[in-house]
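# Notes for the structure review
Each chain, written out:
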Amino acid sequence: MTGIDWTALKDQALGPFSLAALPANLQLPALPHAVALFIEKSRDDKASLADLASIVETDTGLTVDLLRHVNSAFVGLRQKAKTVSQAIALLGIRQTKLFVIANGTQAAIRARRSRLINQSCFWNSSLQKALFAREVADLLKADADTAFAGALLQDFLLPVLTNDVFDPYMNFVNNRRGYSESICDFEQTSFGWDHALAAGCMAT
């Protein structure tokens, strides 16, 4: 989509909010270093497959997961990748980046257990939202990669928040019938911010 000032939209959405507004005891999750570096490097049109592969190869788990994904029956490629460079070439940089983002987000989510959230269900829901956002972005001729990543990260902080700020969320769950608002409305009322706003600020 052309003619859209994305920076202005971002600034309007985030407003004056900053991460300093979050509870001091909150331990923010972080994407694995290799994932963040890959995302940044993949934006460089001059980056070679070897450059991108060398980043993935610094993370053993990511390397194994990428090769397993590319060589799976789900992907359905005739050729089998034996190296990370071959895997990226067969999958394509765009699809590799989507996989790396999903893999890194899943790793960050699973690293923090929540007493209120079923991790498997949460991850499946997040991935469904991301896939839906990507399809809508394609239809709108917008940036599908950004839509996918944004949707995947919108609930990114919920496992951490529901664990580190347990009591208010527990109250919301126990008295769910008494609340007519969504969880974001509840957070805005209780904290003055919501988890999606905090995640957007963190992603920025």
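Fair warning: this is a prediction, and the values are worked out from it, not measured in the lab.

## Digging into the side chain of serine 114
Along the chain, the position of serine 114 falls in the loop between helix H6 (93-110) and helix H7 (119-139). Under the relative-accessibility criterion, serine 114 is labelled buried at 13%. Here leucine 116 takes part through its backbone nitrogen, which lies 3.1 Å from a polar atom of the side chain of serine 114. There is a polar contact of 2.7 Å between the side chain of serine 114 and the side chain of threonine 162. Each residue touching serine 114, except ones within four places of it in the same chain, is listed here: Gln119, Pro159, Thr162 and Asn163.

## What to know about the nonpolar core
With 50 residues, the main nonpolar core has Phe17, Phe38, Leu62, Leu66, Ile88, Leu152 and Leu161 as its most contacted residues. If one sorts the elements of this core by residue count, H6 sits on top with 7 residues. Beyond its immediate sequence surroundings of up to four residues, phenylalanine 38 is in contact with Leu52, Ile55, Val56, Ile88, Thr96, Lys97 and Val100.

## Here we look at the packing of aromatic side chains
Scanning all chains against the criterion turns up 5 aromatic pairs. Measuring from ring centre to ring centre gives 4.6 Å for phenylalanine 172 and phenylalanine 186, while their planes differ by 35°; the resulting arrangement is tilted. With phenylalanine 172 in helix H10 (residues 166-174) and phenylalanine 186 in helix H11 (residues 183-191), this residue pair connects regions lying 14 residues apart in the sequence. Assessed through its relative accessible area of 6%, phenylalanine 172 is described here as buried. With 4.9 Å between their ring centres and 25° between their planes, phenylalanine 191 and tryptophan 193 make a pair best called stacked.

## Remarks on the pattern of salt bridges
Per the counting criterion, the structure on display carries 5 salt bridges. Between lysine 10 and aspartate 11 there is a salt bridge whose closest N-O contact spans 3.6 Å. A relative accessible area of 34% places lysine 10 in the partly exposed class. Residue aspartate 11 is classed as partly exposed on the basis of its relative accessible area of 44%.

Thresholds applied
- Residues numbered from 1 in each chain as written.
- Predicted model: local features only at pLDDT ≥ 70, side-chain atom pairs only at ≥ 80, totals over all residues.
- Heavy atoms only, no water.
- Helix = DSSP H or I, 4+ residues; strand = E, 2+ residues; numbered from the N terminus.
- Buried < 20%, exposed > 50% of the residue type's maximum accessible area, 1.4 Å probe, protein only.
- Polar contact = N/O pair within 3.5 Å; in protein donor to acceptor, adjacent residues only side chain to side chain.
- Contact = heavy atoms within 4.5 Å.
- Core = buried A, V, L, I, M, F, W, Y, C linked by side-chain atoms within 4.5 Å.
- Phe/Tyr/Trp six-rings, centres within 6.5 Å; stacked < 30°, edge-to-face > 60°.
- Salt bridge = Lys/Arg side-chain N within 4 Å of Asp/Glu carboxyl O.

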